[in-house]
Amino acid sequence: MDRIKDAQIIRLIEQIGEHYRTNISNRFLRPVLLQLQVDKNTWDQIEALTEKMELYRYQGFHLDELYRQIAACARFCEVARNNMSHALKSKITSLPSGPDKILREMAASNFISNLKVFTDLLNELYVNLVEMDKASAGKEQPVYTQIQELFSVGRLLVGH
């Protein structure tokens, strides 16, 4: 498959990156996020999807790379969903009061709902890519069926 340059896919990736940077990995939450048990490769894949948009905007995205980035984000979401709520509350309450106290508390209290929005956006991207993959595969096997990391993506994203 050629590189993906579909405008709808690019807008969705931009939306995912903006939501992640603003609501998930912002200055209040990032220190706690970095304490999660997530390997460097997963962080690198998340960064590639959420922060390196300019590298791919004009040359297009490789489908297999996008799939791996979605799988990494799904793993992160599962770890964050299972470990962040308690860690956030204890970390945020242990910080001294200051001008950012209310913003820190808002970021912490909205984290789970913002994570849900993030997983919904990732799932939408994944579904769109699978449809595109199936349509372009013809008689060949679609790319997503060849990437083992994707077998559990749906479960990881919905949290079941």
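This text gives an overview of the structure that appears in the document. Note that the coordinates shown come from a computational prediction; the quantities given were computed from them, not determined experimentally.

1. Regarding the overall build of the chain
Within the chain one finds eight helices and zero strands. Listed by position from the N terminus, the elements making up the chain come as α-α-α-α-α-α-α-α. Residue burial in the chain is summarised as follows: out of 160 residues, 43% are buried. Counting only contacts in the chain whose residues sit at least 6 apart along the sequence, the fraction spanning at least 24 positions is 83%. Carbon together with sulfur atoms contributes 51% to the accessible area of the chain, which is approximately 9,000 Å² in total.

2. Topic: the packing of helix α1 (residues 7-24) against helix α7 (residues 111-137)
Two elements in contact, α1 and α7, have axes whose closest approach is 10 Å; the angle formed by their N-to-C orientations is 160°. One way to sum up the angle between α1 and α7 is to call them roughly antiparallel. The hand of the α1/α7 crossing is left-handed. Within the contact between the two elements, α1 uses Gln-8, Ile-9, Leu-12, Ile-13, Gln-15, Ile-16, His-19, Tyr-20, Asn-23 and Ile-24 and α7 uses Phe-111, Asn-114, Leu-115, Val-117, Phe-118, Leu-121, Leu-122, Glu-124, Leu-125, Asn-128, Leu-129 and Met-132.

Calculation notes
- Residues numbered from 1 in each chain as written.
- Predicted model: local features only at pLDDT ≥ 70, side-chain atom pairs only at ≥ 80, totals over all residues.
- Heavy atoms only, no water.
- Helix = DSSP H or I, 4+ residues; strand = E, 2+ residues; numbered from the N terminus.
- Buried < 20%, exposed > 50% of the residue type's maximum accessible area, 1.4 Å probe, protein only.
- Contact = heavy atoms within 4.5 Å.
- Areas by Shrake-Rupley, 256 points an atom, 1.4 Å probe, with all protein chains shown as cover.
- Axes fitted to C-alpha atoms, helices over the stretch in contact; angles between N-to-C directions.
- Parallel < 35°, antiparallel > 145°, perpendicular 65-115°, else oblique.
- Left-handed = near helix turned anticlockwise from the far one by under 90°.

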